[in-house]
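One letter stands for each residue in the lines below.
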Amino acid sequence: MHAKTMEGLAGASMSMKMMNTPMRVYKEAECRGDTGVMERAMGYASDFADKAEDYQKATEKGMKEDAKETRVKAKTEQENAIRKHKEQREEMEKRIEESRNGDTDTASISESGKAALDGNTDSVQTGADNGISVEETADAIKMEPVIYTKTGEKAESKPGVNFSVSV
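Residues numbered from 1 in each chain as written. Predicted model: local features only at pLDDT ≥ 70, side-chain atom pairs only at ≥ 80, totals over all residues. Heavy atoms only, no water.

Draft legend 1. Representation of a nonpolar patch on the surface. Together, Met1, Met6 and Leu9 make up an exposed nonpolar region whose accessible area comes to about 350 Å². Looking at where Met6 falls in the secondary structure, it is placed in helix α1 (residues 3-18). By relative accessible area, Met6 is classed as partly exposed at 46%. (Patch = residues over 30% accessible without salt bridge, like charges linked within 9 Å, V, L, I, M, F, W, Y side chains within 5 Å. Areas by Shrake-Rupley, 256 points an atom, 1.4 Å probe, with all protein chains shown as cover. Salt bridge = Lys/Arg side-chain N within 4 Å of Asp/Glu carboxyl O. Helix = DSSP H or I, 4+ residues; strand = E, 2+ residues; numbered from the N terminus. Buried < 20%, exposed > 50% of the residue type's maximum accessible area, 1.4 Å probe, protein only.)

Have a look at this one:
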């Protein structure tokens, strides 16, 4: 909140509270029928009302300045967000362009790998597989499931033991 707004609100509030005293004096003088005191009390009350109005104008002026500052701040934040978005977009376009240049790594599956995927177990892989055939790898995959204990050791399964679960 702007300083002028705070000052205006506080001043107007105080002026309205201070106006209560001459108004009380006015009412007492009215009961007694003392017109001189009534006129003086109304003069004081009028002065406090004028001060409250002046403070109200100061409050309005402060609120306008607040609104102006808020609009400027919002516009600055919006411009920063747009600039940041443009930078991110340019960076993304740069990465896309680099990937199009062919400077990236590619992966390809060899013919023996495709054959293994298709289920052809007759072919033998060569190269970096150290001479292990597809048949041997298929046998390794077809091993029976293993159960491990809490300590991480392989638990021996007992043949002939049947488990059944009733729900």
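Draft legend 2. Structural view of the pattern of salt bridges. Using the criterion set out here, one finds six salt bridges in the structure. Measuring nitrogen to oxygen at the nearest pair gives 3.3 Å for the salt bridge that ties Lys4 to Glu65. Of this pair, Lys4 sits in helix α1 while Glu65 sits in helix α3 (residues 35-100), placing them 61 residues apart in sequence. Close ionic contact of Glu91 with Arg95 constitutes a salt bridge, the shortest N to O distance being 2.8 Å. Taken as a pair, Glu91 and Arg95 lie in helix α3 at a separation of four residues, close to a single helical turn. With a relative accessible area of 46%, Arg95 lands in the partly exposed category.

Draft legend 3. Inspection of the packing of helix α2 (residues 20-32) against α3 at higher detail. Here α2 crosses α3 at 160°, and the two axes come no closer than 8 Å. Relative to α3, the element α2 is oriented roughly antiparallel. Taken as a pair, α2 and α3 cross one another with a handedness that is left-handed. On the side of α2, the interface is formed by Pro22, Met23, Val25, Tyr26, Ala29, Glu30 and Arg32, while α3 contributes Val37, Met38, Ala41, Met42, Tyr44, Ala45 and Phe48. Taken together, the residues of the contact of α2 with α3 break down into 12 nonpolar, no polar and two charged. (Axes fitted to C-alpha atoms, helices over the stretch in contact; angles between N-to-C directions. Parallel < 35°, antiparallel > 145°, perpendicular 65-115°, else oblique. Left-handed = near helix turned anticlockwise from the far one by under 90°. Contact = heavy atoms within 4.5 Å. Nonpolar A, V, L, I, M, F, W, Y, C, P; charged D, E, K, R; others polar.)

Draft legend 4. Local environment of the packing of α1 against α2. It is at 4 Å that the axes of α1 and α2 come closest, and there the two elements cross at 20°. One way to sum up the angle between α1 and α2 is to call them roughly parallel. Across the interface between the two elements, Met16, Lys17 and Met18 of α1 pack against Asn20, Thr21 and Pro22 of α2. Here the contact of α1 with α2 is built from residues that sort into three nonpolar, two polar and one charged.

Draft legend 5. Up close: the nonpolar core. Within the largest apolar cluster, five residues are counted, these being Tyr26, Ala29, Val37, Met38 and Ala41. Looking at this core, the elements with two or more residues in it are α2 and α3. Ranked by the residues each element gives to this core, the list is headed by α3, at three residues. Beyond its immediate stretch of four places on either side in the chain, Val37 contacts Val25, Ala29 and Arg32. (Core = buried A, V, L, I, M, F, W, Y, C linked by side-chain atoms within 4.5 Å.)

Draft legend 6. α3, seen in detail. Compared with an ideal rise of 1.5 Å per residue, which puts 66 residues at 98 Å, α3 spans 96 Å between its outermost C-alpha atoms and is within 8% of the ideal. Every buried residue of α3 is accounted for by Val37, Met38, Ala41, Ala45, Phe48, Ala52, Thr59, Gly62 and Asp66. Among the structural elements, α1 and α2 are those in contact with the buried residues of α3. (Expected span 1.5 Å × (residues − 1).)

Draft legend 7. Just the side chain of Ser112, in detail. Of note, Ser112 is situated in helix α4 (residues 111-118). Among the polar contacts made by the side chain of Ser112, one reaches the side chain of Ser110 at a distance of 3.2 Å. (Polar contact = N/O pair within 3.5 Å; in protein donor to acceptor, adjacent residues only side chain to side chain.)

Shape descriptors only; they carry no functional weight alone.
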